[in-house]
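Single-letter residue listing:
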Amino acid sequence: MHPSQRPPQSGVMSPASTMSAPIMRPAVAVIPPATLVSVPNARPHIGIFGSTAAPVSGPIMTVPPIPGNVFLDSPSEIDIARTHALEKFQIDAELILTEKEEAKRRSVLAQLEQIVKRWARRVTWQRGLPKDLRESSNAKIFTFGSYQLGVHGPEADIDALCVGPCYATLEDDFFIVLYNMLKNTQEVSEVQCVKSANVPLMRFKFSGISIDLLYARLSLRTIPEDMDILDENLLENIDDTTVKSLNGCRVTARILQLVPKIENFRSTLRCIKFWARRRGIYSHTFGFLGGIHWAVLVARVCQMFPNATVSMLVSRFFWIYARWQWPTPVTLVETQPDYSDGSDRHHHMPIIIPVYPYSCCSYNVTRSTLQKLKSEFSRGWDAIMKMELNWSTLPNSGDWNVLFERFPFCSSYEYFIQIHVTASDEDDFRSWRGWVESRFRHLLLKFEKLPAYCDPNPFPYFDKNVKEPHCYFLWGLRLKKNICIDMADLEEEFRFYLSNGYEGRPGCDVHLTLLNRFQLPSFVYSKSSELRQHTKPYWTNESYNYYRRIPRYSQHYPLYLVGYIAVDNEAINHVGN
């Protein structure tokens, strides 16, 4: 029997709804449509049958976990030994933060929380609201993404959400008043407003730690300290931007409610994210999967195997998704995805978020990237099988290197598309690069129509001999015979597409070149050239340029200067510190 056909040991079985592999071992429980787990001194919640994890505080959720097979096999001694080896591998690979680094992040978030509380009081005073409201004014910071899930590494940024009252606006109070307060905070640097993103945010560094700060304007006059982010009443009378901003925190909190053993989930997710980066498939922008997608995939495996150790969960992850019948959706709760606008029906790899509106979050996956993802799932399962054949004795951490090998990108394809992104200075380059990356899916679909298989490598390359701000992207290309590519025409069309909606300054450009393997520049073989810059690319709303020297005054106190709209590195005047 070929290794790829062998099922995992310890009685693993495929979900009945998605796979046809035969049932092999007993110890299977079918969870009912909803199971209430009673935990002392905690509000009741809906959990997985047999779960011993304490629930996340919150009200009873109206949507239960998805019913299906739950496999209750207990780990063997070799499974426990493999888990110890995998945990040591994570430490050796520096995937886990030290207590000192964790304490620094907690301190930064505590300081940021105090700043937004002072910001709420300032906005209340500025608008001339009643004294009792000024005294009760409040704002809160919530975290989400990898930090809240507990899988962040030493260089990971923090995704945070500022929740403010109904009278604190995004345009004036968040992007001007709070911006100026952060700009005048000694520990804060590189403050950038990203207004034109799908979810507007501010990006900055606080004591050297990168933070992406979103804003949610609720329909409340004051923000309670004990606010439950999963309370669906918060979604009433708010705009679409606020719904999108809240969803990051809501999805993260709900995932932590739905997994049976949080620590096992975190350790497994940490491994899978590291594997995805090494294999070049960690990027939502480039048509692959981002952090939230991998979290949902791992959480579904944890639901199915509540008693499994981390090593068992990793192996079962590859076994399940190597055979998953896409486009069957992956979902954590028993609900129907929202198809009201018809947009989710044609997705290649639907992954459904476990909170309202239960929509597909993996809409960027294309035909080519789905093929690459399926290939990597199968390759991961084959690697697990080879490791098991070699585990005649107790495993060690080095055994896991086979699974986490880097994808040999430069030797895997005969042809490549080189995308050269340039700008006149660093600020323009970050903005331009962010804009170009956000439009890469359009270019990817163009190549798929040739037809061709395209692997959009998400890692940028840098030539140390070039002084101007720049980066290169290399996409692997597999062409059918007798196909000619008019690169000049593709480049012209892509440039035209990029110019639609972008009003940046002159000096920004992009060039497309078709290369064969022997024409690859030497710097792509340098390990240092593959390292991402710590500063993320972004794009700003260039309409700021039209108003950047016009001060903004309070609507209620005409002589009170709120601040100036910020667009570049010029000094920002601020009154009222």
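About the criteria used
- Residues numbered from 1 in each chain as written.
- Predicted model: local features only at pLDDT ≥ 70, side-chain atom pairs only at ≥ 80, totals over all residues.
- Heavy atoms only, no water.
- Axes fitted to C-alpha atoms, helices over the stretch in contact; angles between N-to-C directions.
- Helix = DSSP H or I, 4+ residues; strand = E, 2+ residues; numbered from the N terminus.
- Parallel < 35°, antiparallel > 145°, perpendicular 65-115°, else oblique.
- Contact = heavy atoms within 4.5 Å.
- Nonpolar A, V, L, I, M, F, W, Y, C, P; charged D, E, K, R; others polar.
- Buried < 20%, exposed > 50% of the residue type's maximum accessible area, 1.4 Å probe, protein only.
- Arc of directions from axis to C-beta.
- Phe/Tyr/Trp six-rings, centres within 6.5 Å; stacked < 30°, edge-to-face > 60°.
- Lys NZ or Arg CZ within 6 Å of the ring centre and 35° of its normal.
- Pairing = 2+ DSSP bridges.
- Expected span 1.5 Å × (residues − 1).
- Polar contact = N/O pair within 3.5 Å; in protein donor to acceptor, adjacent residues only side chain to side chain.
- Left-handed = near helix turned anticlockwise from the far one by under 90°.

1. Some thoughts on the packing of helix α8 (residues 291-304) against helix α9 (residues 310-321)
- Contact pair α8 / α9: the axes reach a minimum separation of 10 Å and the direction vectors enclose 105°. Considering the angle they form, α8 stands roughly perpendicular to α9. Contacts between α8 and α9 pair Trp294, Leu297, Val298, Arg300, Val301, Cys302 and Met304 from the former with Leu313, Arg316, Phe317, Ile320 and Tyr321 from the latter.
- In the contact of α8 with α9, the residues fall into 10 nonpolar, no polar and two charged.

2. Examining helix α12 (residues 440-448)
- What α12 keeps buried is the set Phe440, Leu443, Leu444, Phe447 and Glu448. Along the long axis of α12, the arc covered by the buried residues comes to 145°, so they all point the same way.

3. Considering the packing of aromatic side chains
- Summed over all chains, the structure comprises 33 aromatic pairs.
- Plain terms: the ring middles of Phe317 and Tyr321 are 5.0 Å apart, the flat faces sit at 65° to each other, and that makes the pair edge-to-face. Residue Phe317 and its partner Tyr321 are located together in helix α9, separated by four residues, close to a single helical turn.
- Taking the centre distance of 5.0 Å and the plane angle of 75° together, the rings of Phe440 and Trp475 count as edge-to-face. Note that Phe440 is positioned in helix α12 and Trp475 in strand β12 (residues 470-479), a separation of 35 residues in sequence. Trp475 matches Phe440 in its accessibility class, with the two residues each being buried.
- Here the aromatic cluster, defined as three or more aromatic residues joined through ring pairs, consists of Trp275, Trp294, Phe317, Phe318, Tyr321, Trp324, Trp326 and Phe377.
- Arg316 extends its terminal NZ or CZ atom over the ring of Phe305, reaching a point 5.6 Å from the ring centre.
- Positioned over the ring face of Trp435 is Arg439, at 3.8 Å from the centre of the ring.

4. Remarks on the sheet that holds strand β13 (residues 509-516)
- The sheet built from four strands is open, its strands ordered β11-β12-β10-β13 with antiparallel pairing. Each of the sheet's edge strands pairs with one partner strand only, and the pair in question is β11 (452-456) and β13. Geometrically, the sheet is characterised by an average inter-axis angle of 25° between neighbouring strands, direction not taken into account.
- Pairing geometry for strand β10 (residues 415-422) and β12, over eight bridges, is antiparallel. Within β12, the residue paired with Ile419 across the bridge is Phe473.
- Across the sheet, helix α11 (residues 426-438) touches β10, β12 and β13, and the angle it forms with β10 is around 145°.

5. Quick notes on unusual backbone geometry
- A cis amide bond, omega 15°, links Trp326 with the succeeding residue Pro327.
- Along the polypeptide, Pro327 turns up in the loop between α9 and α10 (367-390).
- Put simply, Tyr356 and Pro357 share a cis peptide bond, and its omega is 10°.
- Take Pro357: it is sitting in the loop between α9 and α10.
- Positive phi, close to 50°, is recorded for Tyr358, a residue that is not glycine.
- One can find Tyr358 in the loop between α9 and α10.
- Classification of Tyr358 as buried rests on a relative accessible area of 10%.

6. Structural notes on the environment of Ser76
- Mapped onto the elements of the fold, Ser76 is located in the loop between β4 (69-71) and α1 (77-92).
- Spatially, the C-alpha atoms of Ser76 and Ala308 are 9.7 Å apart, while their sequence positions differ by 232 residues.

7. A look at the side chain of Asp173
- On the secondary structure map, Asp173 appears in helix α5 (residues 170-183).
- Judged by relative accessible area, which is 0%, Asp173 ranks as buried.
- Look past the residues within four positions of Asp173 in its chain and what remains in contact with it is Trp119, Val123, Gln126, Arg127, Tyr167, Ala168 and Leu178.

8. What about α1?
- For α1, spanning 16 residues, the distance from its first C-alpha to its last is 23 Å, which sits close to the expected 22 Å at 1.5 Å a residue.
- Along α1, the residues that are buried comprise Asp79, Ala81, Arg82, Thr83, Ala85, Leu86, Phe89 and Gln90.
- Residues of α1 that are buried make contact with α7 (262-278), α9 and α10.

9. Describing the sheet that holds strand β5 (residues 140-144)
- Strand order in the open sheet formed by five strands is β5-β6-β9-β8-β7, with mixed pairing between adjacent strands. What marks the edges here is a single partner per strand, and that holds for β5 and β7 (188-194). For this sheet, the mean inter-axis angle between neighbouring strands, taken without regard to orientation, is 25°.
- Bridging between β7 and strand β8 (residues 201-206) involves five bridges; their strand directions are antiparallel. Looking across to β8, one finds that Ser189 is bridged to Lys205.
- Against the sheet, helix α6 (residues 240-258) touches β5, β6 (158-164) and β9 (209-217), its axis set at about 120° to β9.

10. As for the pairing of β6
- Of all seven residues in β6, seven are buried; the element is thus mostly enclosed.
- Neither face of β6 is open: one carries Ile158, Ala160, Cys162 and Gly164, the other Asp159, Leu161 and Val163, and all of them are buried.
- Pairing of β6 with β9, which is carried by seven bridges, proceeds in the parallel orientation. Directly across from Cys162, in β9, lies its bridge partner Tyr215.

11. Let's talk about the environment of His152
- Position of His152 relative to the elements: it lies in the loop between α4 (145-149) and β6.
- In sequence terms His152 and Arg266 are 114 residues apart; their C-alpha atoms lie 9.7 Å from each other.
- Beyond its immediate stretch of four places on either side in the chain, His152 contacts Leu95, Leu97, Glu102, Arg105, Ser146 and Tyr147.
- Reaching out from His152, the side chain makes a polar contact with the side chain of Glu102 at a distance of 3.2 Å.

12. Here's the deal with the packing of α12 against helix α13 (residues 487-499)
- The geometry of α12 relative to α13 is characterised by a closest axis approach of 10 Å and an angle of 150° between their N-to-C directions. The orientation of α12 relative to α13 falls into the category roughly antiparallel. α12 and α13 meet at a crossing whose hand is right-handed. Residues Phe440, His442, Leu443, Lys446 and Phe447 of α12 form the contact with α13, whose participating residues are Leu490, Glu493, Phe494 and Tyr497.
- For the contact of α12 with α13, a count of residues per class yields six nonpolar, one polar and two charged.

Nothing here speaks to function; it is geometry throughout.
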